[in-house]
Amino acid sequence: MQVIEERVYAFSKDNPPCYTAQPGEVMVFKTLDCFSGRLTDETVTMRDMDFSYNITNPAAGPVYVEGAEVGDVLVVDIYDIQVADEGTIATDDHCGPLFEDTEYRTKKIKIEDGMADFNGVRFPINPMIGVIGTAPAEGAPADGFVGNYGGNMDNKLITKGTRLYFPVRVPGALLQMGDVHATMGDAELCGTGIEIAAEITVRVGVLKSFELNWPVLETFGPAGKWYVNASAQEYNEALVCASKEMQRLLMGITGWDAVDTYMYMSVQSDVEISQGCKPCEVQLSLRIGTPKLPEFPPLVG
């Protein structure tokens, strides 16, 4: 099984691929924490590391996926996420709703037997991938940012057992990922989850000639859902982007008109904030989830 260890700090079509994968291939992406391990202990804070989004959230990759062409969809199945035995939570002076009254602080969190220990309070971890996506057609956004290519979605549902769909905008897609959290709450209020090094096992596939404007996440089981992930600087703009994409996809599988679909979304779809730690520079990231029902064919496929 190929292990991907090379790292990049931006999503770009100009990043040379470190490996070429075949559709159906399983790989391991070996990742650092979002600080690249620079917060070595609790005496070192984000003030000391001269924080910049250009040198944070390193992503392993990118991987060129054979046969992925512009206009296709890259399918990524998350098989497993194994995390290190210690993670880091840190605050700075510009993230989250309580930033004005928050000092710089670093806290090391031990992970043992699938449990995190915060000041003697133990709770189960749920490892998730913060940064994952494909190269955009233009530009080179830093890994700390998010867009219609994926990136720093910070969606806590991107975990073991889920499937992701990304629009392919450059040949080979150029998949990369990193910024794993041992656990993270929706909105990531102080700007970090339990940031941690990890090994991510994924399988890649290609869906030919399917229009997708934003990343989609699929969960499984009795409560399985389809989620459209969207982002923007302001909540309302992100909500419109996600709503339009969910409406378009639902119309495609139901045959309903736009108004009936909108009404159905109003009674069946939930809006959830993935990352919203303004006033930091990162765009607000949200998701709209719609139940998977036996009456409906797959939303993407």
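Residue numbering note: each chain is counted from 1, following its sequence as written. Residues qualify for local features only when their pLDDT is at least 70, as the model is predicted, and side-chain atom pairs are given and counted only at 80 or more; totals for whole chains, interfaces and linings, by contrast, use all residues. The side-chain quantities take in all heavy atoms of the structure and omit both hydrogens and water.

Caption draft 1: View of the packing of aromatic side chains. Each aromatic pair joins two rings of Phe, Tyr and Trp (for Trp, the six-membered one) with centres within 6.5 Å, and gets the label stacked for planes under 30 degrees apart, edge-to-face for over 60, and tilted for any other angle. Counted under the stated rule, the structure contains five aromatic pairs. Relative to Tyr149, the ring of Phe11 has its centre 5.3 Å away and its plane inclined at 45°; by these criteria the two rings are tilted. On the criterion of sequence distance, the pair formed by Phe11 in the loop between β2 (7-8) and β3 (19-21) and Tyr149 in the loop between β12 (146-147) and β13 (150-152) is long-range, its members being 138 residues apart. A relative accessible area of 0% means that Phe11 is categorised as buried. An angle of 75° between the planes, with centres 5.8 Å apart, marks the rings of Tyr264 and Phe296 as edge-to-face. Pair noted here: Tyr264 is in helix α2 (residues 258-268) and Phe296 is in the segment after β20 (284-291), with a separation of 32 residues, a long-range link. Residues Tyr264 and Phe296 agree in their burial class; the two are buried. Numbering of helices and strands starts at the N terminus; helices are DSSP runs of H or I of at least 4 residues and strands are runs of E of at least 2. A 1.4 Å probe rolled over the protein chains alone gives each residue an accessible area, and that area as a share of the maximum for its type sets the label: buried under 20%, exposed over 50%, partly exposed in between.

Caption draft 2: Quick look at the sheet that holds strand β18 (residues 225-232). Pairing is mixed in the open sheet, where nine strands are placed in the order β1-β4-β16-β6-β14-β17-β18-β20-β19. Single-partner strands in this sheet number two, and they are β1 (2-4) and β19 (270-275). Here the strands of the sheet are splayed against their neighbours by 30° on average, with no regard to which way each runs. A pair of strands is labelled paired if DSSP reports no fewer than 2 bridges between them. Note on geometry: axes are lines fitted to C-alpha atoms, helical ones only across the stretch in contact, with angles between N-to-C directions running from 0 to 180 degrees.

Caption draft 3: Broad picture of the nonpolar core. We call a set of buried residues a nonpolar core when its members are Ala, Val, Leu, Ile, Met, Phe, Trp, Tyr or Cys and they connect through side-chain atoms within 4.5 Å of each other. If you look at the biggest cluster of nonpolar residues, it comprises 44 residues, and the most contacted ones within it are Phe29, Val76, Ile129 and Ile132. Counting only elements with at least two residues in this core, the list comes to β4 (26-31), β5 (59-65), β6 (73-83), β8 (105-112), β11 (128-133), β14 (163-167), β15 (175-181) and β16 (198-207). Throughout, a contact is declared for two residues whenever any of their heavy atoms are within 4.5 Å. Apart from residues lying up to four places away in sequence, Ile129 is in contact with Ile78, Ile81, Asn155, Ile158, Met177, Gly178, Asp179, Val180 and Ile200. By size, the runner-up hydrophobic cluster in this structure holds 25 residues, among which are Val75, Tyr165, Ala230 and Leu284.

Caption draft 4: Summary view of a negative patch on the surface. For patch building, the residue pool is restricted to those with more than 30% relative accessible area and no salt bridge; the joining distance is 9 Å between like charges and 5 Å between nonpolar side chains (Val, Leu, Ile, Met, Phe, Trp, Tyr). Areas reported here follow the Shrake-Rupley algorithm with a probe of radius 1.4 Å; residue values treat only the protein chains shown as occluding. Salt bridges are counted wherever a side-chain nitrogen of Lys or Arg sits within 4 Å of a carboxyl oxygen of Asp or Glu. Asp and Glu count as negative and Lys and Arg as positive, but His and the ends of the chain are not part of the count. In this description, the location of a charge corresponds to atom NZ of lysine, CZ of arginine, CG of aspartate or CD of glutamate. A contiguous patch of negative charge on the surface is contributed by Asp85, Glu112, Asp113 and Asp117. Mapped onto the elements, Glu112 comes out in strand β8. Take Glu112: its relative accessible area is 51%, and that puts it in the exposed class.

Caption draft 5: Region of the structure containing empty space enclosed by the protein. Cavities and pockets were defined on a 1 Å grid built over protein atoms only: a cavity is a set of grid points that admits a 1.4 Å probe from which the probe cannot escape, a pocket is an open set flanked by protein on both sides within 12 Å along at least five of seven lines, and lining residues are those with an atom within 4 Å of any such point. Grid points are joined across faces, edges and corners, and a volume is the space filled by probe spheres set on the points. Here the structure, examined in full by the defined rule, presents one cavity of 30 Å³ or more. Space inside the largest cavity adds up to approximately 190 Å³. Phe51, Tyr53, Asn57, Gly191 and Thr192 are, among the 23 residues lining the largest cavity, the residues nearest its centre.

Caption draft 6: Focus on helix α1 (residues 235-254). With 20 residues, α1 extends 28 Å from end C-alpha to end C-alpha; this agrees with the ideal 28 Å at 1.5 Å per step. Among the residues making up α1, those that are buried are Ala238, Ala242, Glu245, Met246, Leu249, Leu250, Ile253 and Thr254. The arc that holds the buried residues of α1, viewed along the axis, is 155°, so those residues lie on one side. In this structure, α1 carries Asn236, Lys244 and Gly252 as exposed residues pointing more than 90 degrees from its buried face. Packing partners of the buried residues in α1 comprise β17 (216-218), β18, α2 and β20. Two residues or fewer after α1 comes Gly255, characterised by a positive phi angle close to 80°. By definition here, a helix of n residues has an expected span of 1.5 Å times n minus one. The arc in question is formed by the directions pointing from the helix axis toward the C-beta atoms.

Caption draft 7: How the structure looks around the pattern of salt bridges. Considering all chains together, one arrives at 15 salt bridges under this definition. Between Arg163 and Asp77 there is a salt bridge whose closest N-O contact spans 2.6 Å. Highlighted residues: Arg163 in strand β14 and Asp77 in strand β6, separated in sequence by 86 residues. Asp77 gets classed as buried once you look at its relative accessible area, which sits at 10%. Its salt-bridge partner being Glu86, residue Lys110 comes within 2.9 Å of it at the nearest N-O pair. Placement of Lys110 in strand β8 and of Glu86 in strand β7 (residues 86-91) is noted, with a sequence separation of 24 residues between them. For Lys110, a relative accessible area of 53% corresponds to the exposed category. Relative accessible area serves as the criterion here: at 29%, Glu86 is assigned to the partly exposed category. Ionic contacts of the salt-bridge type, sharing partners, join the residues Asp77, Arg163, Glu218 and Lys292 into one network.

None of the figures reported here should be taken as evidence of function without further support.
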